[in-house]
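Here is what each chain is made of, one letter per residue.
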Amino acid sequence: MNKLFLGDTFEILPVLKDESVDLIFIDPPYFMQTEGNLIRSEGTFFDGINEEWDKFGSFEEYDNFTIKYLKEIKRIMKKNASLWIIGSFQNIYRIGNILQNLGFWIINDIIWKKSNPTPNFKGTRFTNSHETLLWVVKNKNAKYTFNYKTMKYLNGGKQMGSVWEIPICAGKERVKTNGKKAHPSQKPEKLLENIILATSKPKDVVLDPFMGVGTTPAIAKRLGRKYVGIEKEKKYFDLAKKRVEEEKVVENPLYKNVLDIKPPKVKITDMIKKGYFKENENFLDKDENFIFKLDKNGKLQGNSIHKLSAELQNKINFNGWEYWYVKRDNKLVSINKIRKEYWKKETGYEHINRCNRQYCHI
Ligand SMILES: C[S@@+](CC[C@H](N)C(=O)[O-])C[C@H]1O[C@@H](n2cnc3c(N)ncnc32)[C@H](O)[C@@H]1O
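Parameters and conventions
- Residues numbered from 1 in each chain as written.
- Predicted model: local features only at pLDDT ≥ 70, side-chain atom pairs only at ≥ 80, totals over all residues.
- Helix = DSSP H or I, 4+ residues; strand = E, 2+ residues; numbered from the N terminus.
- Expected span 1.5 Å × (residues − 1).
- Buried ≥ 20, exposed ≤ 12 C-beta atoms within 10 Å, placed from the backbone.
- Arc of directions from axis to C-beta.
- Contact = placed C-beta atoms within 7 Å.
- Near = placed C-beta within 6 Å.
- Nonpolar A, V, L, I, M, F, W, Y, C, P; charged D, E, K, R; others polar.
- Core = buried A, V, L, I, M, F, W, Y, C linked by C-beta atoms within 7 Å.

*Asks:* Just checking my understanding: could you explain helix α2 (residues 59–76) for this structure?
*Replies:* Count 3.6 residues to each turn of an α-helix, and residues three or four apart come out pointing the same way. In this model, α2 (18 residues) spans 26 Å end to end at C-alpha, consistent with the 26 Å of a helix rising 1.5 Å per residue. Within α2, the full set of buried residues consists of Y62, T66, L70, I73 and I76. Viewed along the axis of α2, the buried residues span an arc of 115 degrees, placing them on a single side of the element. In α2, the exposed residues that point more than 90 degrees away from the buried face are E60, E61, N64 and K71. Packed against the buried residues of α2 are β2 (21–26), β5 (77–87) and α3 (92–101).

*Asks:* Explain the site of the ligand to me, please; I cannot follow it from the model alone.
*Replies:* Taken together, the neighbourhood of the ligand is formed by 20 residues, with T9, D27, F210, G212 and T215 sitting nearest. Where the shell around the ligand is concerned, the elements lending two or more residues are α1 (9–12) and β12 (226–231). Here the shell around the ligand is composed, by residue class, of eight nonpolar, six polar and six charged.

*Asks:* It is not clear to me how the nonpolar core should be interpreted in this structure. Could you clarify?
*Replies:* The nonpolar side chains of a soluble globular protein tend to be buried, and buried together. Core analysis: the largest hydrophobic core is formed by 51 residues, its most contacted members being I24, L83, W84, I85, L133, I196 and A240. Aside from chain neighbours lying at most four places away, what touches L83 is I24, I73, M77, F104 and V136. Grouped together as the second largest cluster of nonpolar side chains are 11 residues, L294, L308, Y323 and W324 included.

Below you can see the structure in the form of structure tokens.
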């Protein structure tokens, strides 16, 4: 754990144990098939992806390469692990097809909309201003992690959608050698932040088998996850190693999934035993129209707190914790408030209704 490997992913992946990884991010060679030099409108060369590791002899060769690593990845994924793969129009359809053929189950395809895309210099087609991410799990039955509330919070309180607008990696975050960008396809930190926060838990193991200059392990470390990274080019590996070493773990309750941790189940009978409620005490609705006595089985004169609250309101179902009150010092107190006290004192779980601004540095 917390290791970066210099070497060929096809030699290192087989060494990893079966069902040992919780989250995988793959930014594979795209097989861009670019030919000749790209020249900007002002006459300078554009430094695109023209590297040996992105070259393949044919689609068949690329597909075999993809199938080979995906089979290994499936073996090392835990039962409920998530896998994310990013690609562009050149490769993402081939990868999607292969994933489905191998039995993976697609949860979402996410569009990464680039707010500052590289222009189409020749003006011969639309500017490629997005890339696609596929979020998949091992099979249809996987009970994957999805931190819905955390992502909603990060999206300003609105359910997060499948189009993420994020600028391409630039400025301080871009890893450089001698003042020039070190890697042609370094991914933005925010992309990895979204992926890791949405689909993993603290201390989960995050793997990147084509890590480049280490964006995935660096962000995994920052967010309090464990990491494993593999890269075969020494120049990238060295930069990744330095970057991850320099990265600091950021303490933030949001990264500990406080918003998504499910509260422990509470039984009213346990609350009676611990003195939070008394047998035979009155449970009332907020207008004090109905009064029922609590029996020793945690029921209201034989009825469940939920069913009875639903019936009294002519509803099919209702959460009784939000309906009933008891009297304390002659004042009405919600039983939900008392449950929160019980959670905090007896289980250590702290209920958070609304996320506090302080949780979010982004
Ligand atoms: C698209 S880049 C990943 C960039 C990375 N996401 C980042 O933000 O820096 C793909 C990387 O995979 C590496 N690579 C390609 N084939 C590999 C292999 N067989 N084993 C290990 N690394 C490989 C390349 O050297 C390249 O750095």
